[in-house]
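The chain contents come next:
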Amino acid sequence: MTQKNKGILLIISSAFFFALMNLMVRFAGDLPSIEKSFFRNFVAVIFAFVTLKRTNTPIQVPKGTWKPLLLRSICGTLGILCNFYAIDHLMLADASILNKLSPFFAILFSFLLLKEKVSPFAAACVFTAFVGSLFIIKPGFSLFDTSFPAFIGLLGGLGAGVAYTYVRILGTHGVKGPFIVFFFSSFSCLVTLPYLIFNFHPMSFSQFGCLILAGLFASGGQFTITAAYTYAPARDISIYDYSQILFSTLLGFFFFGQIPDALSFVGYGIIILASLAMFLFNQRKAD
């Protein structure tokens, strides 16, 4: 198997893990998003800590990286909270595709924060993806039923996109991936802990099990997507990450009887086509 094929297989595995995480978050029921986020990140802290120990990576903040680490963690935490809220109030496929807008937000904030040049074609793809999101958000229709949760899901994609931009900044400072995950997950647990202490919602054994599984699947997704990008560059394999939409659609249908409406499918198509166009453009530019 070639390095590229290994990368493709790993990134599809990652998409499946994240789709399963979304399923477990939904199965956890009517628990607050903050409570769900805490347990999801608590499992990630353990996984990241074990990884750091196994690789003998120092658990200390490198000089000059406090600010980007904190901003990555703040944006990432807000992104997870918004994503979990969307998962609880939207179809799994809708919540997944809105979260997958994060690469487009990353392009936008790379321009704003890193002053990276954005080509007119990339800007057009970003705009097209946002147009696609409107078909899913459906502004002005069923405001409290779908539009508001969809808007929150869009904010989740924005938070993740900003977080990924700061991950790039941290990468230029030589900060290792497992340490970024450890710092972010620990930060998320600490900021959500006061809510759990003062406003804890009791959960059943099955709900607790679902949240632990959500954390395990999230960790699996994090590590497989990290491994995928060690085998092949993003320009060659990133488009396969959108297989999560297929997995989420199938899981939503089989477990909850969810069938996205026609406008949502139009939105999916526009966003995926915009992603495919960016993928082909990056490949052509690299050749």
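Residues numbered from 1 in each chain as written. Predicted model: local features only at pLDDT ≥ 70, side-chain atom pairs only at ≥ 80, totals over all residues. Heavy atoms only, no water.

1. Brief notes about the overall build of the protein
Alright, step 1. The helix and strand inventory of the protein stands at 12 helices and zero strands.
Alright, step 2. N-terminal to C-terminal, the α/β element order of the protein is α-α-α-α-α-α-α-α-α-α-α-α.
Alright, step 3. At 18 Å, the protein has a C-alpha radius of gyration in line with the 19 Å of a compact globule built from 287 residues.
Alright, step 4. Principal-axis analysis of the C-alpha atoms gives the protein an extent of 50 × 50 × 40 Å. (Helix = DSSP H or I, 4+ residues; strand = E, 2+ residues; numbered from the N terminus. Rg over C-alpha atoms; globule rule 2.2 N^0.38 Å.)

2. Section: the pattern of salt bridges
Alright, step 1. Within the structure shown, the criterion is met by two salt bridges.
Alright, step 2. Between lysine 36 and aspartate 88 there is a salt bridge whose closest N-O contact spans 2.6 Å. Taken together, the residues span a long stretch of sequence, with lysine 36 in helix H2 (residues 33–54) and aspartate 88 in helix H3 (residues 66–89) at a distance of 52 residues.
Alright, step 3. For lysine 36, a relative accessible area of 1% puts it in the buried group. (Salt bridge = Lys/Arg side-chain N within 4 Å of Asp/Glu carboxyl O. Buried < 20%, exposed > 50% of the residue type's maximum accessible area, 1.4 Å probe, protein only.)

3. Overview of a nonpolar patch on the surface
Alright, step 1. A contiguous nonpolar patch, built from Phe27, Leu246, Leu250, Phe253, Phe254, Phe255, Ile259 and Phe265 and spanning about 840 Å² of accessible area, is present on the exposed surface.
Alright, step 2. Top contributing element to the nonpolar patch by residue count: helix H11 (residues 243–256), with five residues.
Alright, step 3. Its place among the elements puts leucine 246 in helix H11. (Patch = residues over 30% accessible without salt bridge, like charges linked within 9 Å, V, L, I, M, F, W, Y side chains within 5 Å. Areas by Shrake-Rupley, 256 points an atom, 1.4 Å probe, with all protein chains shown as cover.)

4. Points about the nonpolar core
Alright, step 1. Counting 68 residues, the largest nonpolar core has Met21, Ile97, Leu98, Leu101, Phe104, Tyr242 and Ile271 as its most contacted members.
Alright, step 2. Counting six residues, the second-largest nonpolar core is a separate cluster that includes Ile225, Ala228, Ala232 and Ile237. (Core = buried A, V, L, I, M, F, W, Y, C linked by side-chain atoms within 4.5 Å.)

5. Here we look at the environment of asparagine 199
Alright, step 1. Structurally, the position occupied by asparagine 199 is in helix H8 (residues 177–199).
Alright, step 2. Considered as a pair, asparagine 199 and valine 162 are 37 residues apart in the sequence and their alpha carbons are 29 Å apart.

6. What to know about the side chain of asparagine 41
Alright, step 1. Considering the arrangement of structural elements, one finds asparagine 41 in helix H2.
Alright, step 2. Among the polar contacts listed, one links the side chain of asparagine 41 to the side chain of arginine 40, at a separation of 3.3 Å.
Alright, step 3. Aside from chain neighbours lying at most four places away, what touches asparagine 41 is Ile80, Phe184, Ser185, Ser188 and Cys189. (Polar contact = N/O pair within 3.5 Å; in protein donor to acceptor, adjacent residues only side chain to side chain. Contact = heavy atoms within 4.5 Å.)

7. As for the packing of helix H5 (residues 102–113) against helix H6 (residues 120–137)
Alright, step 1. Packing of H5 against H6 brings their axes to within 10 Å, and their N-to-C directions diverge by 135°. Taken together, H5 and H6 sit at an angle that is classed as oblique. For the crossing formed where H5 meets H6, the hand is left-handed. Packed against H5, whose contacting residues are Phe104, Phe105 and Ile107, the element H6 presents Cys125, Val126, Ala129 and Phe130 at the interface.
Alright, step 2. Grouping the amino acids of the contact of H5 with H6 by side-chain chemistry returns seven nonpolar, no polar and no charged. (Axes fitted to C-alpha atoms, helices over the stretch in contact; angles between N-to-C directions. Parallel < 35°, antiparallel > 145°, perpendicular 65-115°, else oblique. Left-handed = near helix turned anticlockwise from the far one by under 90°. Nonpolar A, V, L, I, M, F, W, Y, C, P; charged D, E, K, R; others polar.)

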